[in-house]
There are 2 protein chains.
Amino acid sequence: MSIHTNLIRSFGYLIHLDEAEKEFISSLFVSKQYQKNDHFLREGQVCREAGFIEKGLIRYYNIKDSGEEVTLDFGKENDWTCNYESFLDHSPSLRNIECLEPTEILTLSYENLQRIYNEVKEGQKFGRLICEFLYLQAIKKLNSLYTDLPEQRYLHFVNDYPDLQQRVPQYYISSFVGVKPPSLSRIRKRLSL
Amino acid sequence: MSIHTNLIRSFGYLIHLDEAEKEFISSLFVSKQYQKNDHFLREGQVCREAGFIEKGLIRYYNIKDSGEEVTLDFGKENDWTCNYESFLDHSPSLRNIECLEPTEILTLSYENLQRIYNEVKEGQKFGRLICEFLYLQAIKKLNSLYTDLPEQRYLHFVNDYPDLQQRVPQYYISSFVGVKPPSLSRIRKRLSL
DNA sequence: GGCGTTCGTTCACCCAGGTTAATAAAAAGC
DNA sequence: GCTTTTTATTAACCTGGGTGAACGAACGCC
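Summary of the structure given here. (Residues numbered from 1 in each chain as written. Chains lettered and ligands numbered in written order. Predicted model: local features only at pLDDT ≥ 70, side-chain atom pairs only at ≥ 80, totals over all residues. Heavy atoms only, no water.)

### Examining unusual backbone geometry
Residues and elements named next belong to chain A. So the rule is basically this: For the purposes of this entry, the term helix denotes a DSSP run of H or I that reaches at least four residues, the term strand denotes a run of E that reaches at least two, and both are numbered from the N terminus. Here the term buried applies to any residue with accessible area under 20% of the maximum for its type, exposed to any over 50%, and partly exposed to those in between, with areas from a 1.4 Å probe on protein chains only.
A positive phi angle is found at Asn37, which is not glycine, with a value near 75 degrees. Following the sequence through the fold, Asn37 ends up in the loop between β1 (30–34) and β2 (39–41). Accessibility expressed as a relative area gives 46% for Asn37, which makes it partly exposed. Residue His90 is not a glycine yet carries a positive backbone phi of 60 degrees.

### Some points on the pattern of salt bridges
Residue and element names in this part refer to chain A. To keep things clear, this is the line we draw: Each salt bridge in this description consists of a side-chain nitrogen of Lys or Arg and a carboxyl oxygen of Asp or Glu lying within 4 Å of one another.
One pass over the structure, following the stated rule, counts 30 salt bridges over all chains. For Arg59, the salt bridge is made with Glu98, and the minimal N-O distance between the two is 2.5 Å. A residue pair is termed long-range when its members are at least 10 positions apart, and Arg59 in strand β4 (residues 57–63) and Glu98 in strand β7 (residues 96–99) qualify at 39 residues.

### A short note on the protein's contact with DNA strand D
The test is simple: For this purpose, a residue is taken to be near a molecule or strand whenever a single non-hydrogen atom of the residue falls within 4 Å of it. Two N or O atoms form a polar contact when they lie within 3.5 Å of each other; inside protein one atom must be a possible hydrogen donor and the other a possible acceptor, and for residues adjacent in sequence the pair counts only when both atoms belong to side chains. Basically, the charged four are Asp, Glu, Lys and Arg, the nonpolar ten are Ala, Val, Leu, Ile, Met, Phe, Trp, Tyr, Cys and Pro, and anything else, Gly included, counts as polar.
Taken together, 15 residues sit near DNA strand D, with A:Arg186, A:Arg190, B:Gln170, B:Tyr171 and B:Ser185 positioned nearest. Sugar and phosphate atoms represent 71% of those atoms of DNA strand D found within 4 Å of the protein. A:Lys180 is positioned with one of its backbone polar atoms (N or O) 3.0 Å from a phosphate oxygen of DNA strand D. The contact in question runs from a phosphate oxygen of DNA strand D to an N or O atom on the side chain of B:Ser185, over 2.8 Å. Elements supplying a minimum of two residues to the surface near DNA strand D: α9 (181–192) of chain A together with α8 (170–177) and α9 (181–192) of chain B. The element best represented in the surface near DNA strand D is α9(B), accounting for five residues. For the surface near DNA strand D, the class distribution of residues is six nonpolar, three polar and six charged.

### Points about the interface of chain A and chain B
A common way to express how large an interface is: the accessible area buried when the components associate. Rules: In this analysis, two residues are considered to be in contact whenever any of their non-hydrogen atoms come within 4.5 Å of each other.
On the side of chain B, 24 residues touch chain A, which itself brings 24 residues to the contact. Summed over the shared surface of chain A and chain B, the number is six residue pairs in polar contact (both at pLDDT 80 or more). Elements represented by at least two residues in the side of chain A that touches chain B include exactly β5 (69–76), α3 (84–89), α5 (123–147) and α8 (170–177) of chain A. The element best represented in the side of chain A that touches chain B is α5(A), accounting for 13 residues. Residues that form the side of chain A that touches chain B fall into these classes: 14 nonpolar, five polar and five charged.

### Focus: the pairing of strand β5 (residues 69–76) of chain B
Residues and elements named next belong to chain B. This is how it is decided: At least two bridges found by DSSP between two strands is the condition for calling them paired.
Most of β5 is tucked away: six of the eight residues are buried. Direction of pairing for strand β4 (residues 57–63) relative to β5: antiparallel, over a ladder of seven bridges. Residue pairing for β5: Ile58 is matched across the bridge by Gly75. Between β4 and the antiparallel strand that follows it, β5, lie five residues; Gly67 among them carries a positive phi value of about 95 degrees.

### So, the sheet that holds β4(A)
All names here are of chain A. Going by this rule: Angular values range over 0 to 180 degrees, each being the angle between N-to-C directions of two axes fitted as lines to C-alpha atoms, with helices fitted over their stretch in contact.
Read across the open sheet, the four strands follow the order β2-β7-β4-β5; overall the sheet is antiparallel. The open sheet has two free edges, formed respectively by β2 and β5, since each of these has just one partner strand. Pairs of neighbouring strands in the sheet enclose a mean axial angle of 30 degrees, with direction left out of account.

### Some remarks on the protein's contact with DNA strand C
Taken together, 15 residues lie around DNA strand C, and A:Gln170, A:Tyr171, A:Ser185, B:Arg186 and B:Arg190 are the ones closest in. What you see for DNA strand C is that sugar and phosphate hold 67% of its atoms within 4 Å of the protein. The separation between a phosphate oxygen of DNA strand C and a polar side-chain atom of A:Gln170 is 2.4 Å. At 3.4 Å from a phosphate oxygen of DNA strand C is found a side-chain nitrogen or oxygen belonging to A:Arg188. Elements with a minimum of two residues in the surface near DNA strand C: α8 and α9 of chain A together with α9 of chain B. With five residues, the single largest contributor to the surface near DNA strand C is α9(A). Residues belonging to the surface near DNA strand C are distributed by class as follows: six nonpolar, three polar and six charged.

### Some details on helix α2 (residues 19–28) of chain B
Residues and elements named next belong to chain B. Among all positions of α2, only Glu21, Phe24, Ile25, Ser26 and Leu28 are buried. Residues of α2 that are buried make contact with α1 (5–12), β1 (30–34), β8 (103–109) and α4 (110–119). Between the side-chain oxygen at the start of α2 and the backbone nitrogen of Ala20 there is a gap of 3.1 Å, and the oxygen is on Asp18.

### Quick word on the relation of the copies chain A and chain B
Here is the rule: When the copies are superposed, the least-squares fit takes in the C-alpha atoms of residues with a pLDDT of at least 70 in both.
Mapping chain A onto chain B is achieved by rotating through 180 degrees and translating by 0.0 Å along the same axis, at an RMSD of 0.0 Å. With respect to symmetry, the two chain copies, as superposed, fit the operation of a two-fold axis. Residue A:Tyr135 of chain A places its C-alpha closer to the rotation axis than any other residue of that unit, at 2.6 Å. Of all interface residues in chain A, 100% are interface residues in chain B too; the two copies therefore contact each other through one and the same surface.

### Observations concerning the nonpolar core
The criterion, for reference: The criterion is simple. A nonpolar core is a set of buried Ala, Val, Leu, Ile, Met, Phe, Trp, Tyr and Cys residues joined through side-chain atoms within 4.5 Å.
If you look at the biggest cluster of nonpolar residues, it comprises 117 residues, and the most contacted ones within it are A:Phe11, B:Phe11 and B:Ile25. Here B:Ile25 is in contact with B:Ile8, B:Phe11, B:Leu17, B:Ile116 and B:Val120, once residues within four sequence places are set aside.

### A look at the sheet that holds β4(B)
Residue and element names in this part refer to chain B. Spatially, four strands are ordered β2-β7-β4-β5 in an open sheet, and the strand pairing comes out antiparallel. For this open sheet the edge positions go to β2 (39–41) and β5, each flanked by a neighbour on one side alone. On average, each strand axis in the sheet is inclined to that of its neighbour by 30 degrees, with strand direction left out of account. The sheet strands contacting α8 are β4, β5 and β7 (96–99), and the helix crosses β5 at an angle near 105 degrees.

What follows is the structure, given as structure tokens:
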């Protein structure tokens, strides 16, 4: 039986799995294909599955009352994706998840995640570690928003996602950094001097 | 045997406890007294206990490279307090927790929290719900920073913490809102027209 | 290859918030 | 009560990002 190698490696960073568990987990995932601009999740929908990105690129965004889009984050190969709030309590999502490239996502239903929690030896630990990871990620971002100037956030972006520079249109990057495109141009000009 | 009523009520919002469990949990907490300006936690220390605020007022803050303080949040009677990141993995705290009033905190050591997880029927569930709650709180704050103007964040503060207006110096509020004191003055002036 | 669309940069102007410092008001000490 | 310290407001000036529009480059499409 073949298993999803990258997926299992990602589990392996958090918990130990025996061979049977690797195959079991692998079998719970369903592969889905998305075109550019397809949505993995739309505002208002309930997020019923978590996903592991095999290939491609996604973008998380909100829509403000004014209609303006705010890019919150990006995800790419070997990242997990999900609107965790919506997934946890089955509330309607406030956030959109859109594919920026043709993307392949291994999806795991809420019910199958519960099976992992309950049927894999370190399943509960996995759930806790995921939540803790997401929490730390959110806190890190909060600190950056409070502390860093747009210029520093742009530098962090370049540093954290070196390849995304080329793969993502600049107006998504500017929105992620928290400024408008002309302002990001000014920042880039300043930095290149 | 006497139990800490407010504390147990706070548990009761999340999980069901029988009488023996209530007493058991109550017995794991140690009351500590703090003066105004005492620190519950300082940057660099490892956060070794969670706390339930019986009485008083605390303030969470970071210190930027520039030396400037950034107020991240407040906590008061019946709130929990902890630097969860530091508490979880025993890493040095990046954050300070300071008492703004004489404050009484019921503290729970890391080890005793593990006892609750393991010896109370719904202990594990309690741990997960706490983490999920903190995560949702962080996400909500992130959204506000991305989406709201300072004026809106100030209005949210007034709305979310109606009594803190009177109990907290304005320069902490301005820092929480993400602007400097003169700017908060201008916002307040604008709003009072 | 040529056409249209999309995207990035630049310009001129505007404005909210930062900065510094002065002043006024309120608390805290004695 | 008076003095000292702390805190809040105000004013004048500065600056960085927003806005709207123009221009040019790059990309897609037929």
